[in-house]
Amino acid sequence: MSGRGAVLWAARLHKAPLTKAITRTAPPSIQCCSRQYATATTKSHPKRSKTLPILITTAILGGSLIYYSTTSSKPTLLNADYFAPYTITSREAVSPTSFVFTISPQHHNPSLPYLAPGTSSWRYPQWSVEFKQPQVQIARHYTPLPPLEGEDPSDGSLRFYVRAIGGGEMSHYLSRLRIGHDVWLRGPHVGFDVLARLGSMKKVVFLAGGTGVAPAMQVAQAVLDQSSEAQVDILWAIRKRQELQRGNGPARKRPSWWQFWSTDGNQLVELDSQLQDPSPVARQLKAMKSTYGKRLHIQVAIDDEQTQFRESHLQNAISSGNRQGVSPVATPGCRLHDSSALKLAPEFETPATADDCKCGAGAGKNLFVVSGPDGFVAHYSGPKRWLGGQQIQGPVGGVAGQLQRKYPSLANEWLVLKL
Ligand SMILES: Cc1cc2nc3c(=O)[nH]c(=O)nc-3n(C[C@H](O)[C@H](O)[C@H](O)COP(=O)(O)OP(=O)(O)OC[C@H]3O[C@@H](n4cnc5c(N)ncnc54)[C@H](O)[C@@H]3O)c2cc1C
């Protein structure tokens, strides 16, 4: 989820409707009539020369009327090309810089594009929508949090966890809006097809920085609902305890310098049913933990308390992977499972079809996913790259790269995805 990526995405995707709007100002009927007129005048037929201007005027007026009546009414339901209106229906502060808010569509949509047809289940394991800032005409991506237990997603409401970034245009705009304000969004924009990539394998380790936990929650829910043997580890890195617990949670002594350098000083928080005073996001994580039990393991590192995820934590999470004696082999060039093909993959992709995997029965790779600000992703998995104006995965580097060099089997059994 890079800042620069978001800016370029905004610029690129923002162009799409504009291009469409321009094409639509010259509807086929008008282009057709103008061409006929030019051909007719060169023949200078005496009868047609009187009637033709009337016909042309009528055609242009008629065409304009039809065009105006069809294009002046903007789409009101969520779609990937045009922004549809929603209203903020709830808002909860998480910390001074972050909040969770819910939006509801202004018009009922009986076939929401992100639900599997005829169901009230999400169709994609990982997806986002774009919000627009109407005053400065920019758009940015945000990731819906999965529905809460007992919530019916078919009413079209969506919830988001957003942080206002210093100097950030869109995130500050959103942070100023209150219940009852209108917002405009378009989507869904589909991310990695994690279920197809995981295939027959069972383990996902998701390292999330800040609001990067939103895609982690999407992926965990999709993977754990898909297979009762699947296991997900979420390693959530946050700056302040407020992201996790209201009122800063229980008082915690800062580790002294000597503790900081020893492993004891780096005590991660286990997010489980014991967690007191959870923040709105932690409340949902806690509920997920009680639904999935041991299959979901959530640990939290807090910057302010000098705890952080080190190579050993990643190694532990990875080595608890459920291999089940399967040694997956990826066919070179397989779009889903060949890690060298992944280097060139963008973060947004069309959902996989049966033809996308050439590896045969039992194919799949465990997934190590890193999501968060640019620097976070680069530190743990190497920076994303730019190719032909689009952001691609690039080679695996950072801490994940070091692990792969130490344990070459990791490179065969795991795919590293950067969000
Ligand atoms: C697929 C996708 C899903 C996303 N989902 C979410 C989400 O659920 N919640 C959420 O809060 N954000 C999410 N983002 C990030 C979001 O799209 C914006 O990039 C972010 O809100 C900043 O936008 P802005 O207009 O406020 O800042 P800008 O005006 O674009 O940038 C201001 C400055 O902040 C830097 N910056 C941008 N993002 C970050 C960051 N995360 N941390 C630190 N510095 C940053 C930029 O490099 C720039 O220097 C997602 C991004 C993508 C691509």
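Residues numbered from 1 in each chain as written. Predicted model: local features only at pLDDT ≥ 70, side-chain atom pairs only at ≥ 80, totals over all residues.

Details of unusual backbone geometry
Consideration 1: Note that the residue after Gly-187, namely Pro-188, is joined by a cis bond; omega there is 0°.
Consideration 2: Note that Pro-188 resides in strand E6 (residues 182-190).
Consideration 3: Phi is positive for Gln-306, close to 55°, though the residue is something other than glycine.
Consideration 4: Looking at the element boundaries, Gln-306 is found in the loop between strand E10 (296-302) and helix H9 (311-319).
Consideration 5: Using a count of 15 C-beta atoms within 10 Å as the deciding quantity, one classes Gln-306 as partly exposed. (Helix = DSSP H or I, 4+ residues; strand = E, 2+ residues; numbered from the N terminus. Buried ≥ 20, exposed ≤ 12 C-beta atoms within 10 Å, placed from the backbone.)

Quick notes on the environment of Phe-348
Consideration 1: Note that Phe-348 resides in the loop between helix H10 (339-342) and strand E11 (366-371).
Consideration 2: The class for Phe-348 is partly exposed, based on 17 C-beta atoms found within 10 Å.
Consideration 3: In this structure the C-alpha to C-alpha distance between Phe-348 and His-189, which are 159 residues apart in sequence, comes to 7.0 Å.
Consideration 4: Sequence-distant contacts of Phe-348, defined by excluding residues within four places in its chain, comprise His-189, Val-190 and Gly-191. (Contact = placed C-beta atoms within 7 Å.)

Looking at the environment of Ser-98
Consideration 1: Within the fold, Ser-98 resides in strand E2 (residues 98-105).
Consideration 2: Between the C-alpha atom of Ser-98 and that of Gln-242, which follows or precedes it by 144 residues, the distance is 9.6 Å.
Consideration 3: Setting aside its immediate chain neighbours within four residues, Ser-98 contacts Tyr-161, Val-162, Arg-163, Thr-211 and Glu-243.

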